[in-house]
Amino acid sequence: EGKNMKQSVWITAPGGDKSGFRIHKIEGGGGWSYPGHSHRGFCELVCATRGFFRHVINGKNRIQKSGEIILIRESDQHSLSGSDFSYVNIMFQPDWFTRLDNFMQYAETAEMLLRAPSAPSVLVPPWERRSYRETLDQLLLNSGVINGRRLFAVFLLNMVIYHFAPPAEQEFPADMPEWLKKTLAWLSGRRGNLPTLAEAVKYSCHCHEYFSREMKRRVGMTPSGYLTALRIDRAAEMLVTTNCKLMEICASAGFENASYFFRVFLRRKGMTPAKYRRRFGPRSIQRPA
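All of the points below concern the structure found in this document. Nothing here was measured: the structure is a model prediction, and the numbers come from that model. (Residues numbered from 1 in each chain as written. Predicted model: local features only at pLDDT ≥ 70, side-chain atom pairs only at ≥ 80, totals over all residues. Heavy atoms only, no water.)

### So, the environment of Met159
Logical step 1: Among the secondary structure elements, Met159 is positioned in helix 4 (residues 146-164).
Logical step 2: Judged by its relative accessible area of 8%, Met159 is buried.
Logical step 3: For Met159 and Val124, which are 35 residues apart along the polypeptide, the C-alpha to C-alpha distance reads 9.0 Å.
Logical step 4: With residues up to four places along the chain from it excluded, the contact list for Met159 reads Ile69 and Phe164. (Helix = DSSP H or I, 4+ residues; strand = E, 2+ residues; numbered from the N terminus. Buried < 20%, exposed > 50% of the residue type's maximum accessible area, 1.4 Å probe, protein only. Contact = heavy atoms within 4.5 Å.)

Below, the structure written as structure tokens:
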């Protein structure tokens, strides 16, 4: 256990035999440290939730701050210390990543993360911090029970899809203006929190008319049509990776009219949202090994 625990709290959740992971919450205060160690047979996600602390990984010092998540692999050695912070650590077997590869049909994701030269890390965007903390609280509450396996599967899947995995490189025509390439890349990177049309126009630094004309000419779609396609893709991801109700997904993807959402989804995906979930939802990474 950590040293100097007088003003610190170490919360150990129930065992993870059914949930497929083990989880702790550490509230550091008054000076706290955990000596250098490595893992055998499991990986660990160190999820900072408040303040910052010193995290030495493979002999290299770094300051891990609130909202940052670091993946510690079997090959890594690390130690932690600080005085006023909190973090959650989640321990799980590496074969979760193998199932993740199969689910995403995104070859070598596991290899990329587990064999990277340094421990992979991500910083959760400010607009996702509240949801991030709420998910960690749910994982703490559901460790050791079968429902926890579903929650962790969704958490790990979303962390990899939206944060750890490198985004697919977009290919643009050679004659496309740089400002438009930059704008399209920005829109793609905001798929978890898609901007409005007005925000997209503002980011482009061009007037609405010119932006619309160039989008139609270069991409074959109007800006509103392009954003709608991104929102449908976001909804499709949520149908597979969450248990949210259809109306919740509709709103989260940015659709104010449910009828319009169902109609556009059917046109773009060739099936209704409910059928899409039935077809692709069972391809889950949460099943026990």
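Once the structure has been displayed, the description carries forward.
### Topic: the pattern of salt bridges
Pairing of side chains with opposite charge becomes possible as their charged atoms draw close.
Logical step 1: Counted under the stated rule, the structure contains eleven salt bridges.
Logical step 2: Measuring nitrogen to oxygen at the nearest pair gives 3.0 Å for the salt bridge that ties Glu27 to Arg50. Of this pair, Glu27 sits in strand 2 (residues 22-38) while Arg50 sits in strand 3 (residues 43-57), and the two are 23 residues apart along the sequence.
Logical step 3: Its relative accessible area of 33% is what places Arg50 among the partly exposed residues. (Salt bridge = Lys/Arg side-chain N within 4 Å of Asp/Glu carboxyl O.)

### Concerning the nonpolar core
Logical step 1: Core analysis: the largest hydrophobic core is formed by 30 residues, its most contacted members being Leu45, Ile69, Ile90, Phe97 and Phe155.
Logical step 2: If you tally residues by element for this core, the top one is helix 4, at eight residues.
Logical step 3: Excluding its chain neighbours within four sequence positions, the residues that come into contact with Phe155 are Leu45, Cys47, Ile69, Ile90, Thr135, Leu136 and Leu139. (Core = buried A, V, L, I, M, F, W, Y, C linked by side-chain atoms within 4.5 Å.)

### Digging into the packing of aromatic side chains
By convention here, two paired aromatic rings are described through the distance between centres and the angle between planes.
Logical step 1: Counting across every chain of the model gives 17 aromatic pairs.
Logical step 2: Summarising the aromatic geometry, the rings of Phe255 and Phe261 are spaced 5.2 Å apart at their centres and angled 45° between planes, so their arrangement reads as tilted. No difference in accessibility class separates Phe255 from Phe261, as the two residues are buried.
Logical step 3: Counting every residue linked through ring pairs, the aromatic cluster contains Phe255, Tyr260, Phe261, Phe262, Phe265 and Tyr276. (Phe/Tyr/Trp six-rings, centres within 6.5 Å; stacked < 30°, edge-to-face > 60°.)

### Observations concerning the packing of helix 4 against helix 8 (residues 223-241)
Logical step 1: It is at 10 Å that the axes of helix 4 and helix 8 come closest, and there the two elements cross at 150°. It follows from the interaxial angle that helix 4 and helix 8 lie roughly antiparallel. The segment helix 4 lies against helix 8, with Val154, Leu157, Asn158, Ile161 and Tyr162 engaging Arg234, Glu237 and Thr241.
Logical step 2: Its residues assigned to classes, the contact of helix 4 with helix 8 shows four nonpolar, two polar and two charged. (Axes fitted to C-alpha atoms, helices over the stretch in contact; angles between N-to-C directions. Parallel < 35°, antiparallel > 145°, perpendicular 65-115°, else oblique. Nonpolar A, V, L, I, M, F, W, Y, C, P; charged D, E, K, R; others polar.)

### So, helix 6 (residues 197-204)
Three- or four-residue spacings in an α-helix give side chains the same orientation, since the helix completes a turn every 3.6 residues.
Logical step 1: Every buried residue belonging to helix 6 is among Ala200, Val201 and Ser204, and all of these are buried. For helix 6, the angular spread of buried residues about the axis comes to 100°, placing them on one side. Away from its buried face, by an angle of more than 90 degrees, helix 6 presents the exposed residues Ala198 and Lys202.
Logical step 2: Contacts made by the buried residues of helix 6 are with helix 5 (178-189) and helix 7 (208-219).
Logical step 3: Within two residues after helix 6, Cys205 carries a phi angle of roughly 65°, on the positive side. (Arc of directions from axis to C-beta.)

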